[in-house]
Amino acid sequence: LDEYKKFLGIVQEVCEGFYEYKITIIPFDKRIKEEAIVTFDSFNPINDDKLLIPKSDGGTNFDEVLRYLKTTNIRNQNLLVVLSDGEFDIGESLVLQTLFILSQSKNIAKFESYGRVIELRI
């Protein structure tokens, strides 16, 4: 929960640099946790009561996120920000500019060819 809230704090700081923004948080492990998806924007800020970290079934299937994004109205002018330990592979093509925020520095080089990468130190 602490790591998740720190990540959201980073996202919120980035957003505050813009007049308008819209954020969709898509929790996932092996599948998208649709019941826990949260959307907020500059006119309706995030409510801590809505922040639910669903129980993980273990594992990470990032391709599920990419397939899910293709079914939404999220388009290529948007930015995808991924919080992860980096213990996954990418098999699908990325549909958005992507920023990977990784908690394990050993995986940073693995994702540099896909987008920007930073390490989240907790």
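Residues numbered from 1 in each chain as written. Predicted model: local features only at pLDDT ≥ 70, side-chain atom pairs only at ≥ 80, totals over all residues. Heavy atoms only, no water.

Structurally, Asp2 can be placed in helix 1 (residues 2–15). Owing to a relative accessible area of 64%, Asp2 belongs among the exposed residues under this scheme. Put simply, Asp2 and Leu69 are 67 residues apart on the chain and 26 Å apart in space, counted from C-alpha to C-alpha. (Helix = DSSP H or I, 4+ residues; strand = E, 2+ residues; numbered from the N terminus. Buried < 20%, exposed > 50% of the residue type's maximum accessible area, 1.4 Å probe, protein only.)

Moving on, we get to the sheet that holds strand 4 (residues 97–102). Read from one edge of the open sheet, three strands run 3-4-5, paired in parallel fashion. This sheet does not close on itself; its edge strands, each paired only once, are strand 3 (79–84) and strand 5 (116–119). Across this sheet, the average inter-strand angle for adjacent strands is 20 degrees, counted without regard to direction. For strand 4 and strand 5, the ladder comprises four bridges, and the chain directions are parallel. When the bridges of strand 5 are listed, Ile101 appears paired with Ile118. (Pairing = 2+ DSSP bridges. Axes fitted to C-alpha atoms, helices over the stretch in contact; angles between N-to-C directions.)

Moving on, we get to the pattern of salt bridges. In total, this model carries seven salt bridges according to the counting rule given. What you see here is one network of salt bridges that share partners, running through Glu64, Arg67, Lys70 and Glu92. (Salt bridge = Lys/Arg side-chain N within 4 Å of Asp/Glu carboxyl O.)

Burial of strand 3 is one-sided: the residues Leu80, Val82 and Ser84 facing one way are buried, the residues Leu79, Val81 and Leu83 facing the other way are not. Relative to strand 4, strand 3 is paired through six bridges, and the arrangement is parallel. Looking across to strand 4, one finds that Leu79 is bridged to Gln97.

Coordinates in, geometry out; function isn't part of it.
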